[in-house]
Amino acid sequence: MSIVIPTLNEEGTIAGTLRSLQHHPPPVETIVVDGGSTDGTREAARAAGASVLEASRGRGPQLNRGAEAAEGDLLLFLHADTTLPPDGLTRVRRVLGDSPAVAGTFRLQFDAASPLLHFYAWCTWCPWIRLCFGDRGLFTTRPAFEAVGGYPEWPLFEDLELAARLQNYGRFRFLDAAVTTSARRFRRNGVLRQQLQNLYLWTHYVAGTDPARLAHRYRYPDPSDARAHAESAD
């Protein structure tokens, strides 16, 4: 099992995520792929025992770089602010090793209480491929990942596109266990405002809009922006 985690200025979160993985049964290879952090992300990841690589900024390029370097036959792609359920890796191994499935994902819950966030998390119990965002923890076999060409190196929605390609390639499983992800973007921008923005972008993507035309509306932290550095640790 190889776990690939993309990072950009995640000094405040990456160590905790990596420590949480130490409680899962080995063998596990953990690879952090950094997209140009200007804080202590890489140092914190190394100190927590992960292999650290660098790649062009963007989740697609970073995740593909990590998958290319990974030695595992099973791949799990995890966000830097997301933790697995206690039996998460056991479930992944069981699905990919003892069934015809070639890929799958977890359900989602947040680390904050809010009616809107609770509703959004509840929606991830629907087995619909168009809701398979990367913060849910996508996993797949290496042959399937390579067969579909890996992640498209898009500025947005590379996660939804890979999930759809994997479902078209073979059986896709929706686990009944949830990962826990940070609600920091919702806290920072406002839960309703952020959710409306997400819905706007997602609706356009599902309707066929080129993700490159939407990317300017979804701001990732800029490594040159000192304010973004502080926000990334929220």
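Predicted, not measured: the structure shown is a model, and the values here were computed from it.

Calculation criteria
- Residues numbered from 1 in each chain as written.
- Predicted model: local features only at pLDDT ≥ 70, side-chain atom pairs only at ≥ 80, totals over all residues.
- Heavy atoms only, no water.
- Helix = DSSP H or I, 4+ residues; strand = E, 2+ residues; numbered from the N terminus.
- Rg over C-alpha atoms; globule rule 2.2 N^0.38 Å.
- Buried < 20%, exposed > 50% of the residue type's maximum accessible area, 1.4 Å probe, protein only.
- Contact = heavy atoms within 4.5 Å.
- Areas by Shrake-Rupley, 256 points an atom, 1.4 Å probe, with all protein chains shown as cover.
- Pairing = 2+ DSSP bridges.
- Axes fitted to C-alpha atoms, helices over the stretch in contact; angles between N-to-C directions.
- Salt bridge = Lys/Arg side-chain N within 4 Å of Asp/Glu carboxyl O.

Caption draft 1: Structural view of the overall build of the protein chain. Looking only at helices and strands, the protein chain has eleven helices and eight strands in total. For the protein chain, whose C-alpha radius of gyration is 16 Å, the value lies close to the compact-globule estimate of 17 Å for 234 residues. With the C-alpha coordinates aligned to their principal axes, the bounding extent of the protein chain is approximately 45 × 40 × 35 Å. For the protein chain, the residues scored as buried account for 55% of the 234 residues in total. Intrachain contacts of the protein chain at a sequence separation of at least 6 include 74% that bridge at least 24 residues. Accessible area for the protein chain stands at about 10,700 Å²; split by element, carbon and sulfur atoms hold 52% of it.

Caption draft 2: Expanded view of the sheet that holds strand β3 (residues 51-54). Ordered in space as β3-β2-β1-β4-β7-β6-β8-β5, the eight strands form an open sheet in which the pairing is mixed. Only two strands of the sheet have a single partner each, and these edge strands are β3 and β5 (82-83). Pairing analysis gives six bridges linking strand β1 (residues 2-7) to strand β2 (residues 29-34), with the strands arranged parallel. Within β2, the residue paired with Ile5 across the bridge is Val32. Packing of helix α1 (residues 14-21) onto the sheet brings it into contact with β1, β2 and β5, and relative to β1 it is tilted by some 170°. Running over the sheet, helix α4 (residues 88-98) touches β1, β4 (74-77), β6 (101-110), β7 (138-141) and β8 (171-181) and is turned about 155° from β6.

Caption draft 3: Just the pattern of salt bridges, in detail. Taken as a whole and assessed by the stated rule, the structure comprises nine salt bridges. The partner of Glu54 in a salt bridge is Arg42, with the nearest N and O atoms 4.0 Å apart. Of this pair, Glu54 sits in strand β3 while Arg42 sits in helix α2 (residues 41-47), and the two are twelve residues apart along the sequence. The exposure class of Arg42 is buried, given its relative accessible area of 17%. Note that Glu161 is salt-bridged to Arg165, the shortest N-O span being 3.1 Å. On the criterion of helical spacing, the pair formed by Glu161 and Arg165 is a turn pair, its members being four residues apart in helix α7 (residues 158-169). The class of Glu161 is buried, set by a relative accessible area of 17%. Relative accessible area serves as the criterion here: at 27%, Arg165 is assigned to the partly exposed category.

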